[in-house]
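Coordinates in review
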Amino acid sequence: MHADIVSPESLLSDFLETNTLGKAMKIKDFFRKETLVLSFEVFPPMREGSTAGLFTTIDQLVMAEPDFISVTYGAGGSTQEMTFEIASRIKNHVGTEVLTHLTCVNAATEDITGILDHLGRENIKNILALRGDPPKAETSFTKCAGGFGYANELVEFIKARDDFSIGVAGYPEGHVECPDLDKDLDHLKRKVDAGADFIITQLFFDNDDFYRFRDRAVSRGIPVPIVPGIFPIFNFKQIARIASLCGAAIPGPLFDRLSAVQDRSDEVAKYGVDHAVRQSRDLLGNGVPGLHFYSMNRSDHVTRIIRQLNIDRKAFRENEKRIDGGAV
Ligand SMILES: Cc1cc2nc3c(=O)[nH]c(=O)nc-3n(C[C@H](O)[C@H](O)[C@H](O)COP(=O)(O)OP(=O)(O)OC[C@H]3O[C@@H](n4cnc5c(N)ncnc54)[C@H](O)[C@@H]3O)c2cc1C
């Protein structure tokens, strides 16, 4: 048979492999394959009933062939319901695997049980288990009656109850409430010991922060994949605010460049994309198992970055194994 002719059998097997409709797939299994795991994050729109625009974005993001899309979970109100609706539609209609974020905020164990049952019925088997940030009016996190105080407790509860694949959050520069990086790592290890299968990191702009964090996590005996979270900058004021809220430093030269063009949105976005491409290339060259992009509900920057990276995801991992003898 001519090499360029694709058989119907192989077309069918490709389709079955990539299409998730009707299949409950676990994200932990993606990391066992020899390919780079690509994922994007979206959030429910603030206004009720306005998911049409989001799904246009999702349709465009899906063209970059992510392994999964994650959907954030708000601190309260109607966006929580929307998280599950959006996740279900991505999973069951768009046909892309989904990771549903879930927090401990104002949730007693009965509420979490109800949510897990609902997700099971919707064929969703992947949860990013978080403690969550305090609701807007509050300055510190308060455990609700009959609920959980830390994400490790939520992981343990989900694990004991059902067969979900569970991700947790990691902080390359430390979590804002825990200045002691070693302690923060102990807390991360608790989440993994409780049953987390993978870690997705907070955004960061200096890869050395990620590498130091990963080295310390590995030497602590954290064996699960650690996926870097990449934020494509496109608005100077917005990123200055977000970075300060999550305790992420913007390196001096990047900050200076962005602030010099802060009123020219196309220039800011160009620098943002260039930086994310450089960051991603370096991370890919240093053995990350996946890349997770904070899309901020926009497809243009993420798809530009993916196009510029032009990675053959399968060849990348095979090549990497030849270089370092298989350590990923
Ligand atoms: C990839 C990613 C996605 C996110 N998505 C969302 C989202 O959808 N919705 C949302 O509201 N927020 C989200 N967040 C933000 C997250 O909820 C906040 O950062 C929150 O403040 C901490 O959540 P956590 O799960 O990391 O908490 P935890 O792991 O519980 O840690 C919280 C703090 O307590 C400390 N700690 C942990 N365990 C213990 C313990 N047993 N004893 C004492 N101290 C402890 C930690 O060091 C840390 O300072 C996300 C963050 C990331 C990185």
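Residues numbered from 1 in each chain as written. Predicted model: local features only at pLDDT ≥ 70, side-chain atom pairs only at ≥ 80, totals over all residues.

With that settled, consider the overall build of the protein. Scanning the protein for helices and strands turns up 13 helices and eight strands. Counting the 328 residues in the protein, one finds 37% classified as buried. The contacts in the protein between residues at least 6 apart in sequence include a share of 82% that link residues at least 24 apart. (Helix = DSSP H or I, 4+ residues; strand = E, 2+ residues; numbered from the N terminus. Buried ≥ 20, exposed ≤ 12 C-beta atoms within 10 Å, placed from the backbone. Contact = placed C-beta atoms within 7 Å.)

What follows covers the nonpolar core. By size, the foremost hydrophobic cluster in this structure holds 76 residues, and its most contacted members are Ile69, Ala129 and Val155. Counting residues per element, this core draws most heavily on helix H6 (residues 151-161), at five residues. When neighbours within four sequence positions are excluded, Ala129 is seen to be in contact with Leu102, Ala151, Leu154, Val155, Ile158, Ile166 and Val168. (Core = buried A, V, L, I, M, F, W, Y, C linked by C-beta atoms within 7 Å.)

This part covers the packing of helix H5 (residues 109-121) against H6. Across the interface, H5 lies against H6 with an axial gap of 11 Å and an inter-helix angle of 50°. If you check the angle between H5 and H6, you find them oblique. Of the two possible hands of crossing, H5 and H6 adopt the one that is right-handed. Packed against H5, whose contacting residues are Thr109, Ile112, Thr113 and Leu116, the element H6 presents Phe157, Ile158 and Arg161 at the interface. Residue classes in the contact of H5 with H6 are distributed as four nonpolar, two polar and one charged. (Axes fitted to C-alpha atoms, helices over the stretch in contact; angles between N-to-C directions. Parallel < 35°, antiparallel > 145°, perpendicular 65-115°, else oblique. Left-handed = near helix turned anticlockwise from the far one by under 90°. Nonpolar A, V, L, I, M, F, W, Y, C, P; charged D, E, K, R; others polar.)

So, about the site of the ligand. Taken together, 24 residues surround the ligand, and among them Thr72, His101, Arg131, Ala151 and Cys178 come closest. Among the secondary structure elements, those contributing two or more residues to the shell around the ligand are strand E3 (97-103), strand E4 (126-130), H6, helix H7 (181-193) and strand E6 (198-203). Take the shell around the ligand: its biggest share by element is four residues, from H7. Taken together, the residues that form the shell around the ligand break down as nine nonpolar, nine polar and six charged. (Near = placed C-beta within 6 Å.)

Bringing unusual backbone geometry into the picture now. The phi dihedral of Asn106 falls on the positive side, at around 50°, and the residue is not glycine. Positive phi values are uncommon outside glycine, yet Asn310 reaches one of about 45°. With respect to the element layout, Asn310 can be found in the loop between helix H12 (300-309) and helix H13 (313-324).

As a further point, take helix H4 (residues 79-94). All of the buried residues in H4 are Met82, Thr83, Ile86, Ala87, Ile90 and Lys91. Burial along H4 is one-sided: seen end-on, the buried residues are contained in an arc of 160°. Exposed positions of H4 whose direction lies more than 90 degrees from the buried face are Glu81 and His93. Just downstream of H4, Gly95 is the residue with a positive phi angle, here 90°. (Arc of directions from axis to C-beta.)

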